[in-house]
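# A closer look at the structure
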Amino acid sequence: MKTRGVGYLEQKVNENAGFTPSTCQLELTYRCQFQCLHCYCRDLKGPQYTQQKELTTYEWKAILDTLHRQGCLWLVLSGGEPLAREDFLELYDYAKAKGFLITLLSNGYGFSPEIIAHLAAS
């Protein structure tokens, strides 16, 4: 698997001048509490898929900035399980402040009363 950074994404988006991505799905993590048979992430274990290989909060925010500049409107936050990230609400709030219309794909296991209240209030 080739490792590509934020610069690669920005370069590819900018190469398509005049192209506006209306929807983008961001898979924030491979982590999940379950091993569902239907999930493509269930076999992604081992050092090449650990938390240390995930993009940082700063890198995700840079991607959100790029998508916003390019005119993307709809955003899907997915994973693995996106709520497994400690910075999930920070990333969600950042995307929401940019005006994205957000869909969250989750197994629901991480929905605490605090997270539900936060999402409902935003």
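Our subject in this report is the structure included herewith. (Residues numbered from 1 in each chain as written. Predicted model: local features only at pLDDT ≥ 70, side-chain atom pairs only at ≥ 80, totals over all residues. Heavy atoms only, no water.)

### Concerning the overall build of the chain
Basically, it comes down to this: Helix and strand labels come from DSSP, where a helix needs a run of H or I of at least four residues and a strand needs a run of E of at least two; each type is numbered from the N terminus. Only heavy atoms matter for contacts: two residues are in contact if any of them lie within 4.5 Å across the pair. Accessible surface is estimated by sampling points in the Shrake-Rupley manner with a 1.4 Å probe; for residues, cover comes only from the protein chains shown.
Across its full length, the chain carries four helices and three strands. Ordered by position from the N terminus, the helices and strands of the chain form the series α-β-α-β-α-β-α. Sequence-distant contacts, at least 24 apart, represent 82% of the contacts inside the chain between residues at least 6 apart. When the accessible surface of the chain is summed, it comes to about 7600 Å², and 56% of that surface belongs to carbon and sulfur atoms.

### Some points on helix α2 (residues 57-69)
Heads up, the condition is: By this rule the span expected of a helix is its residue count minus one, scaled by 1.5 Å. Accessibility here uses a 1.4 Å probe with only protein chains present; expressed as a share of the type maximum, an area under 20% marks a residue as buried, one over 50% as exposed, and anything in between as partly exposed. Working definition: the arc comes from the directions between the helix axis and the C-beta atoms, pointing outward to the latter.
Here α2 contains 13 residues, and its C-alpha end-to-end distance of 18 Å stays within 8% of the 18 Å for a straight helix at 1.5 Å per residue. Among the residues making up α2, those that are buried are W60, I63, L64, T66 and L67. Looking straight down α2, one finds its buried side chains confined to an arc of 160°; they lie on one side. Of the exposed residues in α2, those oriented more than 90 degrees away from the buried face are Y58 and R69. Following α2 by one or two positions, G71 adopts a phi angle in the positive range, close to 95°.

### Observations concerning the sheet that holds strand β1 (residues 23-27)
This is how it is decided: A pair of strands is treated as paired once DSSP finds two or more bridges between them. Fitted lines through C-alpha atoms serve as axes, helices being fitted only where they are in contact, and the angles separating the N-to-C directions of these axes extend from 0 to 180 degrees.
Spatial ordering of the open sheet is given by β1-β2-β3, a layout of three strands whose pairing is parallel. Of all the strands in the sheet, just β1 and β3 (101-104) have a single pairing partner and so form its edges. Taken over all neighbouring pairs, the strand axes of this sheet differ in orientation by 20° on average, direction set aside. Sheet topology note: the β1/strand β2 (residues 74-78) ladder contains five bridges and is parallel. Bridge assignment links Q25 to a residue of β2, and that residue is V76.

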